[in-house]
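In case you want the letters, here they are:
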Amino acid sequence: MTVKLDEKLEPIFQDVLHRNPGESEFHQAVHEVLETLGPVLVKYPEFADKKIIQRICEPERQIIFRVPWQDDSGEIHINRAFRVEFNSALGPYKGGMRFHPSVYLGIIKFLGFEQIFKNALTGLPIGGGKGGSDFDPKGKSDDEIMRFCQSMMTELYRHLGEYTDVPAGDIGVGGREIGYLFGQYKRITNRYESGVFTGKGLDWGGSRARTEATGYGTVFFTHEMLKARGDSLDGKTVVVSGSGNVAIYAIEKAHELGAKVIACSDSQGMIVHEKGIDLQTLKRIKEVERRRISAYTEYHKDAKYVEDGNIWSVPCDVALPCATQNELNGKDAKMLVENGCVAVAEGANMPTTPEGIIVFQDAKIAYGPGKAANAGGVATSALEMQQNASRDSWTFDYTQKRLEEIMIDIHKNCYETAAEFGAEGNYVLGANINGFLRVAKAMNAMGVI
Ligand code: NAP
């Protein structure tokens, strides 16, 4: 790791390494938080005495189970699934499910750990958790996806509940998968428990603006960071990595706020369209036809497709990493800064490597970590839970307004916390400390549990 830890925190980190071998993403996520907590222990020595940090680093419960399913030809496959119920000091465990072949315990633990602080930052009553499977939904038929989801829920349901653990989507899990998962939960439990899952369809308990929330929220956060520097998104050139749920709606809101998004990508290549990415085409390719991003050039001859292209080499004012973890390294960060990038906000979770973060911080550009910048998704999930609990359904405009207010509030809290701890403009420190203090105070009040 690149930054040295405070002497009280180093042994805690060594213990995390020892207890969780081989889980490099989890180690990275823990280190990133511990790097900023030194001054907190000086101000709140009781948190050291009560071993709050050691307790936060150990999940309350970890569930690993087998998911057998049959493909369309009758062949049997066996996947592994996880649900890590990390921390429930502030509310029921809350966090998405990821379906991707790279999923293993270390990925789910890093995501669950980040989720604790992100959820705390929203100010809403939700704890932190995460789940997923090494199942690869790419190339599977609808029926295969349904059989997999039903098999997974046949085990998972016993661990869920609107007051216990409330999953949602993430990479590879969108509206279709949530429908199959919720349907099987309803069938097994014989309960129409809407608040047990978020990201549901609008006709059966979903919240308006949830689909858009993470991407929109990331752009609202970007706008706030720029405003704090007397600048705005209007007229800015933007590059967005990925072309999934978060990326698509980040592009939509960036365009609405007067910016021009000129490049986006998927795991095989990138599209550069100097005239501005056409959102209708992108939505058709990704949300309806479920094809590769390379298909974009069939509709726009003036756009360029670069197989395996590095999207961070495209000069821009603002960069929004919205694909996956560790997708932006130190070299990429240098390239962005040298090309004049003034702001980076993370729609994805932990997309910037520790080396990349140092480059952004040394260059003093506005850098919004995922914990804060992409919290709009889970915040709107909590709004979905509120609507379900009151058997109500809000308008798109009202929900979006609430989302915007929450993002403005998160930005303000991170900014002010960073200033209070003598690091004005350092959103990493502001987000970690603000989120940590909310969780730590609640844990302290509840005793040693
Ligand atoms: P998604 O709809 O499945 O889209 C993921 C996008 O990232 C796709 O374009 C995918 O390309 C690309 N991608 C995935 N793995 C990749 C890899 N290893 N290398 C390069 N590209 C890769 O997922 P999403 O919901 O937008 O999530 C994107 C990120 O946002 C994740 O980090 C997620 O944890 C985070 N996030 C999501 C939400 C939410 O509400 N959905 C909330 C907070 C944070 P291919 O199609 O080619 O794989």
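Residues numbered from 1 in each chain as written. Predicted model: local features only at pLDDT ≥ 70, side-chain atom pairs only at ≥ 80, totals over all residues. Heavy atoms only, no water.

Caption draft 1: The pattern of salt bridges, seen in detail. Enumeration over the complete set of coordinates arrives at 26 salt bridges. One salt bridge connects Arg 98 with Asp 170, and the closest N-O pair in it is separated by 2.6 Å. Of this pair, Arg 98 sits in strand S3 (residues 93-99) while Asp 170 sits in the loop between strand S5 (165-168) and helix H8 (175-189), and the two are 72 residues apart along the sequence. Residue class for Arg 98 comes out buried when judged on its relative accessible area of 3%. Here Arg 292 and Asp 266 are joined by a salt bridge, their closest N and O atoms 3.2 Å apart. (Salt bridge = Lys/Arg side-chain N within 4 Å of Asp/Glu carboxyl O. Helix = DSSP H or I, 4+ residues; strand = E, 2+ residues; numbered from the N terminus. Buried < 20%, exposed > 50% of the residue type's maximum accessible area, 1.4 Å probe, protein only.)

Caption draft 2: Main features of the side chain of Asn 374. Inspection of the secondary structure puts Asn 374 in the loop between helix H15 (370-373) and helix H16 (376-389). Accessibility expressed as a relative area gives 4% for Asn 374, which makes it buried. Within the structure, the side chain of Asn 374 is placed 3.0 Å from the backbone oxygen of Gly 347, a separation counted as a polar contact. Setting aside its immediate chain neighbours within four residues, Asn 374 contacts Lys 118, Thr 214, Thr 218, Glu 346, Gly 347, Ala 348 and Asn 349. (Polar contact = N/O pair within 3.5 Å; in protein donor to acceptor, adjacent residues only side chain to side chain. Contact = heavy atoms within 4.5 Å.)

Caption draft 3: Focus on the site of the ligand. Taken together, 24 residues sit near the ligand, with Lys 138, Asp 170, Thr 214, Ser 267 and Arg 292 positioned nearest. Thr 214 places a side-chain nitrogen or oxygen 2.7 Å from an oxygen atom of the ligand. Notes on the ligand: free accessible area 880 Å², of which the protein chains cover 83%. A breakdown of the residues in the shell around the ligand according to their chemical character gives five nonpolar, 13 polar and six charged. (Near = heavy atom within 4 Å. Areas by Shrake-Rupley, 256 points an atom, 1.4 Å probe, with all protein chains shown as cover. Nonpolar A, V, L, I, M, F, W, Y, C, P; charged D, E, K, R; others polar.)

Caption draft 4: Structural context of the sheet that holds strand S8 (residues 269-272). Strand order in the open sheet formed by seven strands is S9-S8-S7-S6-S10-S11-S12, and the pairing between neighbours is mixed. In this open sheet, the two edge strands, each paired with only one partner strand, are strand S9 (304-307) and strand S12 (366-368). Neighbouring strand axes in the sheet, compared pairwise and without regard to direction, differ in orientation by 15 degrees on average. As judged from the four bridges shared by strand S6 (residues 237-241) and strand S10 (residues 318-321), these two strands associate in the parallel manner. Of the residues in S10, the one forming a bridge with Val 240 is Leu 320. (Pairing = 2+ DSSP bridges. Axes fitted to C-alpha atoms, helices over the stretch in contact; angles between N-to-C directions.)

Caption draft 5: Highlighting the sheet that holds strand S2 (residues 76-87). Strand order in this open sheet of five strands is S1-S2-S4-S3-S5, and the pairing throughout is mixed. Looking at strand neighbours, the two that pair on one side only are strand S1 (61-70) and S5, the edges of this open sheet. Ignoring strand direction, the axes of neighbouring strands in this sheet form an average angle of 20 degrees. The pairing of S3 with S5 spans four bridges and is parallel. Bridged to Tyr 93 within S5 is Asp 165.

Caption draft 6: Representation of the nonpolar core within the structure. Of all hydrophobic cores here, the largest spans 55 residues; its most connected members are Leu 320 and Ile 410. The contact partners of Leu 320, leaving out residues within four places of it in the chain, are Thr 218, Val 219, Thr 222, Val 238, Val 239, Val 240, Ser 241, Ala 250, Trp 312 and Ala 345. (Core = buried A, V, L, I, M, F, W, Y, C linked by side-chain atoms within 4.5 Å.)

Caption draft 7: Representation of the packing of aromatic side chains within the structure. Applying the stated criterion across every chain, the model contains 18 aromatic pairs. Ring centres of Tyr 44 and Phe 47 lie 5.2 Å apart, and the angle between their planes is 15 degrees; this geometry places the pair in the stacked category. With respect to burial, Tyr 44 and Phe 47 carry one shared label: buried. For the pair Phe 113 and Phe 117, a centre-to-centre distance of 5.1 Å together with 75 degrees between the ring planes defines the contact as edge-to-face. Taken together, the residues Phe 113 and Phe 117, both in helix H6 (residues 105-121) and four residues apart, mark about one turn of the helix. Residue Phe 113 shares its accessibility class with Phe 117, and that shared class is buried. Connected via pairs of aromatic rings, a cluster forms that spans Phe 26, Phe 86, Phe 113 and Phe 117. (Phe/Tyr/Trp six-rings, centres within 6.5 Å; stacked < 30°, edge-to-face > 60°.)

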